[in-house]
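# Architecture at a glance
Chain by chain, the residues:
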Amino acid sequence: MFKDITIGQYYPTGSYVHELDPRTKILATLALIVGLFIINTFVPYIYIVAFILGVVYVSKVPLGYVLKGLKPLRVLILFTFIINVFMSQGDIIWSIGPLNATREGIYKALFMAIRLILLVVGTSILTLTTSPISLTDGIEQLLNPMKKIGVPAHELAMMMTIALRFIPTLLEETEKIMKAQMARGADFESGNVISRAKGLVPLLVPLFISAFRRADELAMAMEARCYRGGENRTKMKELKMDRGDTIALATTALLLVILVVHRTVL
Amino acid sequence: MSIKIENLTYVYNPGSPFETKALEDINIEIESGEFIGLIGHTGSGKSTLIQHLNGLIKPTSGKIVINGIDITEKTVKLSDIRRKVGLVFQYPEHQLFEETVYKDIAFGPQNLGLSETEIDQRVREAMELVKLPFDELRDRSPFELSGGQKRRVAIAGVFAMKPEVLVLDEPTSGLDPRTRDEVLDEIKTLHDRYKNTVILVSHSMEDVAKLVDRVIVMHNGKVIFSGTPREVFKETETLESIGLGVPQISYLVKALKKKNINLREDIFTVEEAKEEILKWIRSNKNV
């Protein structure tokens, strides 16, 4: 039942995109997000879609798998769409009761929906092609200059690593406990909201207990191996940018330039 | 309750790079009232197989027929199946959640929709079976008990549902030797008392040799042997090659035979070995 969740799931293929330095991919993703907010008409979407399709093609991750990440967000996207259709001022073309659908609304709703979809797809490429560990490594390196103003870069990265590391474990645990309680006749699927919420108690109590137990054990294991924060810590894998990264960054920069030019000149 | 598994295949994560075949073309028939030992190395598919028995996992292909009803059909009500097939998972104490021992054991029977008096009786019976003192423990929190007691509460929670088929996935893993023997005895008592079908998943050849009528051996998602412990434990070489081996006492008997002590070859419990060795000593005296 948790198999549909693909956001944040690493899909190893060993492609050029996978081999890139995580910092490159994080920066490129940020650039893509900025790009999505620079544009204000439909036409520049063509550049972004082409860019995303190109990256997906090079990464060798099946396009269908990337798009599966949208599935859990379809309600949110639909909701944004409807809100935008009805909540904008302009030419009324259709109305039910107090709600008016406007031409501008539909235009804006479509624009927003595409932006949301591209945001999700763009960022899920990052997590699909970057293992959680190298992702947090990259974030730590990028945050390093901020240490001077008191940002605890290493601690943040470590917290993220642990959180990401335990998502699959907790999902597995949830599924296991659910099965165990279902075998004892528990019902998680039928009934009204209140009885469903009550039905979750046999799942949540053991889940919390095991989460705390795991946290405790992990803290103990880390201390037993003399873990102590970021000071003077060396890395097993030093991050290094090479020619591939330069090409990737240049391509992304080019996209950003095109988008800016399109917005200001055309 | 008879169980018939036909051409059962199960694939994890189909269509993703993590696709793995957990079960391949399994065919098993289990008679009503049998005590089955299911053994196999880690990852051989035992746990996946038993979860099929009460519909927690749907097979990729194949059939599971319980008492003449194919439970893979969409029209079958799974709650009816789960009422009849009880499943004790590995480390079942991780599923405890109620405030008191009594309430936790009563959770299953309550879901069956039984009356208060019936539930009360069942909780008492289940606690007696697993040798937990009812009056002393009924109002204690299950979380403050010892590991062995927690395990017993969790097992009692499934016993109290009085399943016609009881499946236990390594019920003794992580227990000390004494508690382990006690828990196994309790399972045996339950089987003798209610004549229900029991499937015991285990790593321990000793436990299996001592308790069960029939052993099913799994390897890489396939059933490779099925027969009485006597028949199966004859295949020492094959069992060893898949990382299982035979009960330790059988090794002792083999070693003794090498020293020209004439014993029967198919011995796999300590009791039998004792009898045979005594017999040998007596016959030697007579000479």
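Note that the structure is predicted; figures quoted are calculated from it, not measured.

### As for the overall build of chain A
- Summing up its helical and strand segments, chain A has 11 helices and two strands in all.
- From first element to last, N terminus to C terminus, chain A shows the α and β order α-α-α-α-α-β-β-α-α-α-α-α-α.
- Viewed in the frame of its principal axes, chain A has a C-alpha envelope of about 65 × 55 × 40 Å.
- Considering chain A as a whole, with its 266 residues, one finds that 36% of them fall into the buried category.
- For chain A, long-range pairs separated by at least 24 residues make up 73% of all intrachain contacts whose partners lie at least 6 apart in sequence.
- Here chain A displays about 16000 Å² of accessible surface, and carbon together with sulfur accounts for 69% of that area.

### Details of helix 8 (residues 153-183) of chain A
- Taking 1.5 Å of rise per residue, 31 residues should cover 45 Å, and helix 8 of chain A covers 45 Å from first to last C-alpha, within 8% of that figure.
- Phi for Gly185 of chain A, located one or two positions after helix 8 of chain A, is positive at around 90 degrees.

### A closer look at the pairing of strand 10 (residues 222-227) of chain B
Residue and element names in this part refer to chain B.
- Pairing of strand 9 (residues 214-219) with strand 10, which is carried by five bridges, proceeds in the antiparallel orientation. Across the sheet, residue His219 finds its bridge partner in strand 10, namely Lys222.
- What sits between the antiparallel neighbours strand 9 and strand 10 is a turn of two residues, in which Asn220 has the positive phi angle 50 degrees.

### Some points on the sheet that holds strand 1 (residues 3-12) of chain B
Residue and element names in this part refer to chain B.
- The antiparallel open sheet is built from four strands, whose spatial order is 2-1-4-5. Looking at strand neighbours, the two that pair on one side only are strand 2 (20-30) and strand 5 (69-70), the edges of this open sheet.
- Of the strand pairs in this sheet, strand 1 and strand 2 are connected by seven bridges, and their pairing is antiparallel. The partner of Val11 across the bridge, within strand 2, is Lys21.

### Digging into the layout of surface pockets
All names here are of chain A.
- Here the second largest pocket is characterised by a volume of approximately 370 Å³.
- Every residue lining the second largest pocket is counted, 21 residues in all, and those nearest its centre are Val17, Leu20, Ala28, Phe51 and Val55.
- Mapped by element, the contributors of at least two residues to the lining of the second largest pocket are helix 1 (16-19), helix 2 (22-38), helix 3 (45-59), helix 6 (103-129) and helix 11 (243-265).
- Taken together, the residues that form the lining of the second largest pocket break down as 13 nonpolar, seven polar and one charged.

### Considering a nonpolar patch on the surface
All names here are of chain A.
- The grouping of Phe79, Ile83, Met87, Ile93, Trp94, Ile96, Leu99, Ile106 and Leu110 at the surface amounts to a nonpolar patch, some 860 Å² of accessible area in total.
- Broken down by secondary-structure element, the contributors of at least two residues to the nonpolar patch are helix 5 (74-86), strand 1 (92-96) and helix 6.
- The dominant element in the nonpolar patch, judged by the number of residues it contributes, is strand 1, at three residues.
- Since its relative accessible area comes to 53%, Phe79 is described here as exposed.

### Some thoughts on unusual backbone geometry
- Even without being a glycine, Cys226 of chain A presents a positive backbone phi close to 60 degrees.
- Given the relative accessible area of 63%, Cys226 of chain A is considered exposed.
- The phi torsion at Lys131 of chain B lies on the positive side, around 60 degrees, for a residue other than glycine.
- By secondary structure assignment, the location of Lys131 of chain B is in the loop between helix 4 (116-129) and helix 5 (134-137).

### Notes on the domain arrangement of chain A
- Entries for chain A in the domain assignment read domain 1 (1-130 + 237-266) and domain 2 (155-233).
- Taking only C-alpha atoms into account, the centre of domain 1 of chain A sits 31 Å from that of domain 2 of chain A.

### Re the packing of aromatic side chains
Residues and elements named next belong to chain A.
- Applying the stated rule across the entire model yields 10 aromatic pairs over all chains.
- Summarising the aromatic geometry, the rings of Tyr45 and Phe111 are spaced 5.2 Å apart at their centres and angled 40 degrees between planes, so their arrangement reads as tilted. With Tyr45 in helix 3 and Phe111 in helix 6, this residue pair connects regions lying 66 residues apart in the sequence. The exposure classification of Tyr45 matches that of Phe111, with both residues buried.
- By the ring-pair criterion, three or more aromatic residues cluster together here, those being Phe42, Tyr45, Tyr107 and Phe111.

### Quick look at the environment of Ile64 of chain B
Residue and element names in this part refer to chain B.
- Relative to the helices and strands, Ile64 is located in strand 4 (residues 61-66).
- Its relative accessible area of 1% is what places Ile64 among the buried residues.
- Not counting the four nearest positions on each side in its chain, Ile64 is found in contact with Lys4, Ile5, Leu8, His52, Leu53, Pro59, Ile69, Asp70, Ile71 and Thr72.

### A few points about the sheet that holds strand 8 (residues 197-202) of chain B
All names here are of chain B.
- Reading across from one edge, 6-7-8-3-9-10 is the order of the six strands in this open sheet, with mixed pairing throughout. Of all strands in the sheet, those bounded by a partner on one side alone are strand 6 (85-88) and strand 10. Recorded for the sheet is a direction-independent mean angle of 15 degrees between the axes of neighbouring strands.
- Across the sheet, helix 6 (residues 147-159) is in contact with strand 6 and strand 7 (165-169); its angle to strand 6 comes to roughly 170 degrees.

What counts, and at which threshold
- Counting of residues starts from 1 at the beginning of each chain's written sequence and follows it residue by residue.
- The lettering of chains begins at A and the numbering of ligands begins at 1, in the order of writing.
- Confidence filtering applies because this is a predicted model: local features only for residues at pLDDT of at least 70, side-chain atom pairs given and counted only at 80 or more, and all residues used for totals across whole chains, interfaces and linings.
- Only hydrogens and water are set aside; all other atoms, that is, all heavy atoms of the structure, feed into the side-chain values.
- Segments assigned H or I by DSSP are reported as helices when at least four residues long, segments assigned E as strands when at least two residues long, and all are numbered from the N terminus.
- Only protein chains enter the accessibility calculation, which uses a 1.4 Å probe; a residue whose area is less than 20% of its type maximum is buried, one above 50% is exposed, and one in between is partly exposed.
- Whether two residues are in contact is decided by their heavy atoms: any pair within 4.5 Å suffices.
- Using the Shrake-Rupley algorithm and a 1.4 Å probe, accessible areas are obtained, with residue cover drawn only from the displayed protein chains.
- To estimate how far a helix should extend, the number of its residues minus one is multiplied by 1.5 Å.
- Two strands are said to pair when DSSP picks up at least two bridges between them.
- Grid points spaced at 1 Å over the protein atoms alone were grouped into cavities, where a 1.4 Å probe fits but cannot get out, and pockets, open sets with protein on both sides within 12 Å along at least five of seven lines, with lining residues defined by an atom within 4 Å of a point.
- Grid points are joined across faces, edges and corners, and a volume is the space filled by probe spheres set on the points.
- In the scheme used here, Gly and all other residues not listed as nonpolar or charged are polar, with Ala, Val, Leu, Ile, Met, Phe, Trp, Tyr, Cys and Pro taken as nonpolar and Asp, Glu, Lys and Arg as charged.
- Residues enter a patch when their relative accessible area is above 30% and they make no salt bridge; the linking distance is 9 Å between like charges and 5 Å between nonpolar side chains (Val, Leu, Ile, Met, Phe, Trp, Tyr).
- Criterion for a salt bridge: a side-chain nitrogen of Lys or Arg within 4 Å of a carboxyl oxygen of Asp or Glu.
- Residue ranges assigned to each domain were obtained from an automatic or database domain assignment.
- Here a pair means two rings of Phe, Tyr or Trp (six-membered ring of Trp) with centres within 6.5 Å. Their orientation is stacked below 30 degrees between planes, edge-to-face above 60, and tilted elsewhere.
- Structural elements are reduced to axes, namely lines fitted to C-alpha atoms, with helices fitted over the stretch in contact, and the angle between N-to-C directions of any two is expressed from 0 to 180 degrees.

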